[in-house]
Amino acid sequence: MSFFENLKMAFGSIAANKMRSLLTMLGIIIGISAVITITTLGTTLRATVKGALDSLGSNLFYVYLSEKNADNYYDTVEIEVTPDDLIQLSMLEELVEKYPDEIRLADENSAGSGTLRNSENKDVSINIVGAYNGTLDYNGGKILAGRNLTMRDVTERKYTCIVSDIFVRQYFKKGEDPLGRVIIVNTEGGAALELSIVGVYKYNAMINGMGATSEEEMKTPVYVPNTIAQQLQGIYYDPGLWGTMLSFNIKYDSKTVQDHIQSFFDEKYASNKNYGIKISSAMDQLKMIDTVINVITIVVAVIAAISLLVGGVGVMNIMLVSVTERTREIGIRKALGAKKRAIKRQFVTEAIIICLIGGIIGILIGLLNGELVGLVANMLVKSDPTYEDLLGNISIQPSTGAIMISLIFSMLTGVFFGLYPASKAAKMNPIDALRYD
Amino acid sequence: MTVSNMAKRIIEMSNIIKRYYIGQPNELQILNGISLTVHEGEFVAIVGASGSGKSTLMNMIGALDKPTEGSYLLNGVDVSKLSDKQLSEIRNKEIGFVFQTFNLISRTNALKNVEMPMLYAGKGRKERSKRAMELLELVEMEDRSTHKPNELSGGQKQRVAIARAMANDPSIILADEPTGALDTKTGRMVMDIFHKLHKQEGKTVILITHSPELASETERIITISDGSIVSDTGYTGNAPDKEVSAE
Ligand SMILES: Nc1ncnc2c1ncn2[C@@H]1O[C@H](COP(=O)(O)OP(=O)(O)OP(=O)(O)O)[C@@H](O)[C@H]1O
Ligand SMILES: [Mg+2]
């Protein structure tokens with residue numbers, strides 16, 4: 001008897017007892033749908049978080065001074081740090097020069113607030129922030145017009161700045177071109193700072209916050225070369241750093257960039273007995289999320305395994321009932337020449353089909369759950385433009401791996417729990433079976 | 001070289017004994033050493049009181065059961081030495097059962113029921129349905145081929161069951177009280193089909209019946225009492241009984 005005929009027979013007898021078959025599948029449906037729901041949410045969460053990190057700084061490294069024999073950042077510093085140990089700006093400049101397209105300096109330095117008077121005689125408040133060529137990356141901003149600050153702006157102490165799109169709306173009249181314009185900032189210290197605008201960036205409210213309820217009152221950063229900011233703060237020498245942010249061009253592989261940075265500093269600190277440089281990345285956060293998702297997945301898998309087990313026992317129970325009910329049928333089939341193997345296969349196939357249908361229904365319910373959660377999540381995201389900026393449209397991503405594994409496991413459940421009833425049927429004595437009523 | 005006009009021995013039983021509850025205090029001997037030879041093409045009736053062991057003997061002939069003692073050659077093959085799998089094959093290919101209670105599978109229609117033995121013989125779909133349709137025509141049930149058993153009358157069910165018994169062109173048709181559940185008129189119709197199978201198709205038919213009239217229509221009547229053959233009208237074929245073949 002062919003495989004296809006076996007299938008037809010199995011579907012026939014399942015269809016003959018639709019309600020009972022459905023109830024039998026319930027355990028399997030619940031188990032599988034739980035797994036698919038959770039794994040779908042897990043993979044979606046991961047993809048969304050990764051997308052968000054990518055958009056706001058998966059291309060960031062924190063480079064920090066670390067005791068050479070210490071294991072991590074949080075280890076107590078036992079050996080006193082001397083100024084010679086600190087990271088010098090000149091080192092960073094050298095690093096950036098060595099990999100000009102690849103690595104940018106992303107540190108920032110708050111140098112207080114300032115005000116400007118616009119043409120309507122209204123004061124616009126800003127924050128003066130000392131920046132490098134990668135500081136904008138760190139803040140999740142994007143250049144809309146003009147250019148970003150460069151390392152030359154910093155080293156040559158150029159009185160340049162980049163301003164936010166919000167600032168442009170606050171300060172300039174509609175249609176005015178801010179690029180190349182010179183603005184005069186009145187600092188807290190009473191000094192007036194003349195800066196020429198070289199670029200306009202898109203302010204990232206998700207990272208930097210809204211600050212005020214209305215856009216008119218918002219205070220956004222004006223990024224100036226950090227040397228200018230330090231001048232404002234009365235710092236005329238390089239104080240050295242305990243740690244600094246670096247960003248990199250995302251077209252490079254994060255691992256390669258990290259290796260470049262590490263070996264650069266390893267060389268610099270080769271002669272330093274006590275201190276070296278360590279690097280941590282935003283991707284480390286993603287790894288943490290992965291760990292959490294994995295733990296949740298394992299917990300759900302265990303729950304699913306239990307419900308598959310319970311479901312499987314249910315299937316076995318029903319199959320035993322079915323075998324008893326169909327004793328006479330088994331006797332007839334045997335009298336007509338069905339071999340033990342054929343009878344066994346008939347009932348195992350039936351159990352597998354029941355479990356597979358249960359599994360498929362479970363998968364569909366799981367996918368539906370995922371879509372529903374996606375719908376709600378997207379509704380929430382769309383209700384707040386700052387979230388929408390960051391997360392965009394959340395697309396639900398079912399885990400194909402989980403779907404495959406679910407199908408395989410529901411099938412295995414059918415085999416495992418169908419085998420005993422099926423061999424019970426196969427072993428029946430045809431005469432006794434025929435006499436049964 | 002076979003001698004023409006001489007039928008071969010299809011069933012050769014000698015000293016068949018069947019016991020139940022062997023080794024227990026209530027040990028029961030149902031068949032007490034039955035010896036029986038049936039030739040190809042015979043129409044035999046087995047009669048006897050209820051509980052005399054007719055069905056037990058029939059199951060033995062049909063390879064549903066193995067004798068406790070004695071030897072049984074079916075088409076020259078010693079059935080008592082066969083494995084479970086080989087017995088299934090014999091039942092599938094050599095035997096066609098017809099039961100008192102029809103024993104059709106209620107979930108499937110007449111055609112599928114007739115196809116079933118062919119399914120277990122591994123025959124293809126087209127061949128199965130073609131043959132099944134022909135057999136339904138033989139028993140004049142072709143217009144009910146898509147009906148399920150519960151949509152058929154008793155006589156119709158039995159005709160479908162006979163068609164099913166013929167599916168793999170077996171050497172023997174075994175019918176255990178095939179008219180037992182039918183009224184006289186319907187029973188008559190079923191009996192006519194057996195005659196047809198015997199005469200037209202040349203089948204060996206063995207029939208258990210409680211009706212002396214039906215038994216008298218056959219060529220040979222074997223009477224069983226308490227597990228023994230008490231009378232046998234004998235082989236009526238005109239071929240010589242001895243020297244089966246000359247090689
Ligand atoms: N599995 C069994 N275990 C014990 N005894 C059995 C078994 N099967 C049959 N018997 C006994 O064997 C005897 C013969 O039974 P069998 O069915 O062959 O009778 P029968 O001649 O066909 O009777 P009927 O005309 O009523 O059908 C009966 O006494 C029955 O109780
Ligand atoms: Mg009987």
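Going by the structure above, here's the rest.
All figures in this text were calculated on a predicted structure; none of them were measured in a lab.

J.: Teacher, can you tell me more about the interface of chain B and chain A here?
T.: How big an interface is tends to be expressed through the accessible area that disappears when the partners come together. Counting from both sides, the interface comprises 23 residues of chain B and, opposite them, 23 residues of chain A. Overall, the association of chain B and chain A removes approximately 2,200 Å² of surface from exposure, summing both partners, and the carbon and sulfur fraction of that is 58%. Between Arg107 of chain B and Glu329 of chain A there is a salt bridge, with its nearest N and O atoms 2.6 Å apart. Joining chain B to chain A, the criterion identifies eight residue pairs in polar contact (both at pLDDT 80 or more). Secondary-structure elements contributing two or more residues to the side of chain B that touches chain A are α2 (84-93) and α3 (110-120) of chain B. Sort the elements by how many residues they give to the side of chain B that touches chain A and α2 of chain B lands first, with six residues. Partitioning the side of chain B that touches chain A into residue classes produces nine nonpolar, six polar and eight charged.

J.: What's the story with the sheet that holds strand β1 (residues 60-67) of chain A in this structure? I'm lost.
T.: Strands belonging to one sheet form pairs held by backbone hydrogen bonds; the direction of such a pair is parallel or antiparallel. Residues and elements named next belong to chain A. Judged by pairing direction, the sheet is antiparallel, and its four strands sit side by side in the order β2-β10-β1-β11 without closing on themselves. Each edge of the open sheet is held by one strand with a lone partner, namely β2 (103-105) and β11 (275-281). Each strand of the sheet is rotated relative to its neighbour by a mean of 35°, with strand direction disregarded. Strand direction decides the pairing type here: β1 and β11, joined by seven bridges, are antiparallel. Its bridge partner lying in β11, Val63 is registered against Ile279. Running at roughly 150° to β2, helix α3 (residues 89-98) makes contact with β2 and β10 (243-248) of the sheet.

J.: Hey, could you run me through the sheet that holds strand β6 (residues 95-98) of chain B in this one?
T.: All names here are of chain B. Strand order in the open sheet formed by six strands is β6-β7-β8-β3-β9-β10, and the pairing between neighbours is mixed. Only two strands of the sheet have a single partner each, and these edge strands are β6 and β10 (228-232). Between one strand axis and the next, the sheet turns through 20° on average, direction left out of account. Two strands pair when backbone bridges link them, and β6 and strand β7 (residues 172-176) are joined in this way by four bridges, in the parallel orientation. Counterpart to Ile95 in the pairing with β7 is Ile172. Across the sheet, helix α1 (residues 54-61) lies against β3 (43-48), β6, β7, β8 (204-208) and β9 (220-225), angled at about 155° from β8, the strand it touches most.

J.: Honestly, the site of ligand 1 in this entry has me stumped. Any pointers?
T.: In the vicinity of ligand 1, 14 residues are found, and the nearest of them are Ser50, Gly51, Lys54, Ser55 and Thr56 of chain B. Each of chains A and B places residues near ligand 1. Residue Gly53 of chain B places a main-chain N or O atom 3.0 Å away from an oxygen atom belonging to ligand 1. Between His210 of chain B and ligand 1, the recorded distance is 3.0 Å, taken from a side-chain N or O atom to an oxygen atom. Contact with the protein chains removes 71% of the 640 Å² of surface that ligand 1 exposes when unbound. Residue classes in the shell around ligand 1 are distributed as four nonpolar, seven polar and three charged.

Conventions adopted
Residues numbered from 1 in each chain as written. Chains lettered and ligands numbered in written order. Predicted model: local features only at pLDDT ≥ 70, side-chain atom pairs only at ≥ 80, totals over all residues. Heavy atoms only, no water. Contact = heavy atoms within 4.5 Å. Buried area = accessible area lost by both parts, 1.4 Å probe. Salt bridge = Lys/Arg side-chain N within 4 Å of Asp/Glu carboxyl O. Polar contact = N/O pair within 3.5 Å; in protein donor to acceptor, adjacent residues only side chain to side chain. Helix = DSSP H or I, 4+ residues; strand = E, 2+ residues; numbered from the N terminus. Nonpolar A, V, L, I, M, F, W, Y, C, P; charged D, E, K, R; others polar. Pairing = 2+ DSSP bridges. Axes fitted to C-alpha atoms, helices over the stretch in contact; angles between N-to-C directions. Near = heavy atom within 4 Å. Areas by Shrake-Rupley, 256 points an atom, 1.4 Å probe, with all protein chains shown as cover.

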